Amino acid sequence: MSEQLKVKTMEQFMAEGKQPEILFWVGSAGSYDDRAKKISRAFVKLLNKANVDFAVLGPEESSTGDVAKRAGNEFLFQMQAMMNIELLNGYEIKRIVTCDPHSFNTLKNEYPGLGGKYDVIHHTQYLKELLDSGRLVVEGSEYKGKRITFHDPCYLGRANNVYEAPREVLKKTNADLVEMKRHKQTALCCGAGGAQMFKEPEKGDMDINILRTKDALETKPNIIATGCPYCNTMMTDGIKAHEKEDTVTVLDVAELLANSL
Amino acid sequence: MHYLPNIIFALALVVGVGFFVRNIKKLTRNIKLGKAVDVSNDKSTRLKNMTRIALGQSKMVVRPVAGFLHVIVYVGFIIINIEVLEIIIDGLFGTHRIFAFMGGFYDFLIGSFEILAFLVIVAVVIFWLRRNVIRIQRFLKPEMKGWPKKDGNLILYIELVLMFLFLTMNAVDLQLQELGAAHYVKAGAYPISQFIAPLFDSVGESTLVIFERTAWWLHILGILFFLNYLYYSKHLHILLAFPNTYYGRVNPQGEFSNLDAVTKEVKLMMDPSADPFAATTEEPEGEPEKFGASDVMDLNWVQLLNAYTCTECGRCTSECPANQTGKKLSPRKIMMDTRDRLEEVGANIDANNGEFVPDGKQLLDDYITKEELWACTTCNACVQACPVSIDPLSIIVEMRRYLVMEQSAAPMELNNMMSNIENNGAPWPYNQMDRLNWVNE
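Residues numbered from 1 in each chain as written. Chains lettered and ligands numbered in written order. Predicted model: local features only at pLDDT ≥ 70, side-chain atom pairs only at ≥ 80, totals over all residues.

Chemist: Teacher, can you tell me more about the sheet that holds strand β3 (residues 54–56) of chain A here?
Modeler: Within a beta sheet, neighbouring strands are joined by backbone hydrogen bonds and run either parallel or antiparallel to one another. Residues and elements named next belong to chain A. Ordered by their spatial adjacency, five strands build an open sheet running β1-β3-β2-β4-β5, and the pairing between neighbours is parallel. Because the sheet does not close on itself, it has two edges, and the strands there are β1 (8–9) and β5 (119–122). In the sheet, strand β4 (residues 95–98) pairs with β5 via four bridges, with the strands oriented parallel. Note that in β5 the partner of Ile96 across the bridge is Val120. (Pairing = 2+ DSSP bridges. Helix = DSSP H or I, 4+ residues; strand = E, 2+ residues; numbered from the N terminus.)

Here you go:
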């Protein structure tokens with residue numbers, strides 16, 4: 001991608017004496033993971049297009065500690081949380097959007113008890129807002145006639161009951177939305193949650209992402225949509241294992257929308 | 001001598017109920033071995049949850065076949081128990097069908113009990129077939145071998161016998177009513193037992209009375225037996241589903257508790273004005289608080305209530321991604337292990353005059369292995385699936401906390417991930433100053 005993105009840090013906003021509309025919490029995956037970085041870029045492209053006055057923390061951002069908490073390291077989680085809260089409260093942040101359901105969940109549900117109270121939304125919810133208010137308008141028909149199936153991330157769906165926002169956004173791309181047999185409340189995990197992303201799975205007869213991509217492939221999709229950088233990795237690997245990478249692609253809801261404008 | 005049956009009945013009732021109360025007390029004591037947890041918030045949501053999930057069976061019907069059959073047995077159980085009230089009054093005062101004066105309404109009641117009893121028999125037979133003939137996967141998992149399988153079938157047999165006794169009692173009563181036998185008032189409607197009654201056509205009146213009394217006695221004694229069987233079986237859910245759904249989660253499922261003990265320490269560490277030496281003098285006497293759980297006493301009481309409430313239906317396990325892919329983890333086993341260990345601890349306390357004497361065992365390793373705990377993706381599928389708001393995930397996380405914070409026993413890759421977060425604020429070994437590089441790539 002060569003397109004120049006407009007991204008300002010909170011530090012710059014402060015220097016100008018201004019407050020952003022919203023803080024984009026990029027998250028560790030969105031900052032460092034090669035695949036997830038593309039999602040961050042697609043989302044920012046949309047924010048730029050909608051003229052959203054947003055900020056990022058940049059080098060001041062640090063891991064939410066979510067993955068440490070799921071692994072059982074409450075100590076490390078709270079250290080991270082308190083550092084982040086000090087920073088966020090110092091900047092008087094009111095509203096946060098993130099492309100990572102894990103960051104979304106912990107910022108929204110677990111930070112308030114430690115003194116960090118913000119209005120936290122997932123990027124699919126924010127994109128729906130931008131579409132509803134007319135700040136973003138879909139003009140292209142890149143995905144017309146294409147079959148898209150949405151894989152519910154556990155920390156967006158079951159954990160926080162957000163099922164409709166990503167689907168509403170996907171509908172705007174004019175694609176044919178097809179559901180897997182297990183979706184929404186009964187969606188199967190991609191296998192990355194609970195710190196599994198960072199370790200080898202326990203002994204078993206199959207990897208979870210293989211099973212989940214099997215669910216997805218049963219819908220005969222052109223595209224598997226996700227709303228989570230970790231699900232994206234797992235589903236992409238799963239597609240490769242099923243040797244379907246030539247016919248099926250895995251894309252984030254933000255990428256699908258960015259390509260549709 | 002005339003009052004002998006009344007006295008025997010009263011005695012049976014006192015023994016049956018007394019034993020039940022004793023077991024409930026033991027149950028409550030065991031649950032209270034758990035840590036305190038604040039459940040005072042959001043009473044209206046809690047009431048709504050209990051009404052919808054336990055009373056209204058809302059999560060049972062997610063699986064329509066089992067759900068529908070369960071609703072029949074559940075409604076049958078509750079409604080037919082109105083009949084028990086009459087039986088108790090009759091038994092204590094030597095009356096017969098004391099509610100017969102209600103006339104048409106009584107006919108309606110008895111008639112509906114009979115139809116429900118018949119439906120319960122049908123449902124119970126299908127349940128038995130599902131467990132033993134159709135061999136539905138979730139009833140065949142390794143943790144279901146032995147007693148849990150027997151327990152499941154035994155409950156079905158007891159229910160079957162009770163329903164047959166109830167219908168036989170009515171059938172013979174109907175015969176006696178038609179013979180105009182003394183004490184057998186003409187009352188009630190018998191839509192089902194009228195088909196059993198012809199079996200007793202050639203039986204004389206005095207023998208019929210013996211049959212009727214035998215069925216009546218066996219039925220009520222059977223109920224008292226079943227009441228006391230509950231504590232030793234997975235069937236406690238018929239009582240505990242109500243408190244369990246009330247005390248169950250009201251926060252989003254993704255929200256894990258923040259450990260207060262950790263918060264105190266972290267705040268102290270981060271407070272620049274804190275005197276590192278002052279902290280030691282403020283430390284309360286006794287053992288420092290343990291992080292996480294290695295045994296049942298480290299869990300909170302709602303988690304222990306969860307364990308007693310579990311009826312081993314296995315919906316959690318059948319939805320678990322780890323279990324579906326052949327890993328050792330089974331959320332149902334987590335609950336069964338917790339209960340088994342809690343019972344063991346309870347028995348230990350009973351044997352040692354109310355004091356727990358360390359037995360060299362614990363929930364971790366002796367019941368639940370590390371392999372099971374590390375296989376969890378924390379996806380909440382088990383929590384979502386449970387028809388009575390049990391949260392196996394919270395126990396898994398509490399035990400991981402013990403492994404990581406007390407034993408430093410996380411898998412090596414996770415230790416690497418965590419030291420990356422400590423050193424550079426991300427689970428990968430990248431420089432924090434490069435966090436914004438993606439913008440220009």
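Chemist: It is not clear to me how the interface of chain B and chain A should be interpreted in this structure. Could you clarify?
Modeler: Accessible area lost when the parts come together is the quantity often used to give the size of an interface. Counting from both sides, the interface comprises 56 residues of chain B and, opposite them, 57 residues of chain A. Residue assignment for the side of chain B that touches chain A shows that the elements contributing at least two residues are α8 (260–270), α12 (321–324), α14 (370–374), α15 (381–385), α16 (392–406) and α17 (412–424) of chain B. (Contact = placed C-beta atoms within 7 Å.)

Chemist: Honestly, the environment of Val124(B) in this entry has me stumped. Any pointers?
Modeler: All names here are of chain B. Looking at where Val124 falls in the secondary structure, it is placed in helix α4 (residues 104–132). Its 22 C-beta neighbours within 10 Å are what place Val124 among the buried residues. Val124 sits 103 residues away from Val21 along the chain, and the two C-alpha atoms are 28 Å apart. Apart from the residues lying within four places of it in its own chain, the contact partners of Val124 are Val73, Leu156, Glu159 and Leu160. (Buried ≥ 20, exposed ≤ 12 C-beta atoms within 10 Å, placed from the backbone.)

Chemist: Got a minute to help me understand the confidence of the model for chain B in this structure?
Modeler: For residues with low pLDDT, the predicted coordinates do not support detailed interpretation. Averaged over every residue, the pLDDT of chain B is 94; the share at 70 or more is 97%. Here the predicted complex scores 0.95 on pTM and 0.96 on ipTM. (pLDDT = per-residue confidence, 0-100.)

Chemist: How should helix α8 (residues 164–171) of chain A be read in this particular structure?
Modeler: One turn of the α-helix equals 3.6 residues, which is why residues spaced by three or four share an orientation. Residues and elements named next belong to chain A. Those residues of α8 that fall on the buried side of the exposure criterion are Ala165, Pro166, Val169 and Leu170. Taken down its axis, α8 places every buried residue within 135 degrees of arc, on the same side. Where α8 is buried, its residues meet β5, α7 (123–132), β6 (147–150), β7 (176–177), β8 (223–226) and α11 (253–260). (Arc of directions from axis to C-beta.)

Chemist: So what exactly am I meant to see when it comes to the pairing of β6(A) here?
Modeler: As a general feature of sheets, a regular strand has side chains that alternate between the two faces. Residue and element names in this part refer to chain A. Pairing analysis gives two bridges linking β6 to β7, with the strands arranged parallel. Each bridged residue has a counterpart across the sheet, and for Ile148 the counterpart in β7 is Leu177. Of the crossover connections in this fold, the one passing from β6 over α8 to the parallel β7 is right-handed. Relative to β8, β6 runs parallel, the two being bridged by three bridges. In the strand pairing of β8, Ile148 is matched with Ile223. (Right-handed = clockwise from strand over helix to strand, strands pointing away.)

Chemist: Explain the domain arrangement of chain A to me, please; I cannot follow it from the model alone.
Modeler: Residues and elements named next belong to chain A. When cut into domains, chain A gives domain 1 (8–129) and domain 2 (139–260). Here the C-alpha centroids of domain 1 and domain 2 sit 23 Å apart. The interface of domain 1 with domain 2 comprises 26 residues on the first partner and 26 residues on the second. For the side of domain 1 that touches domain 2, the secondary structure elements donating two or more residues are α2 (27–32), α3 (34–49), α4 (66–71), α6 (101–110) and α7. No other element matches α3, which puts eight residues into the side of domain 1 that touches domain 2. (Domains from an automatic or database assignment.)

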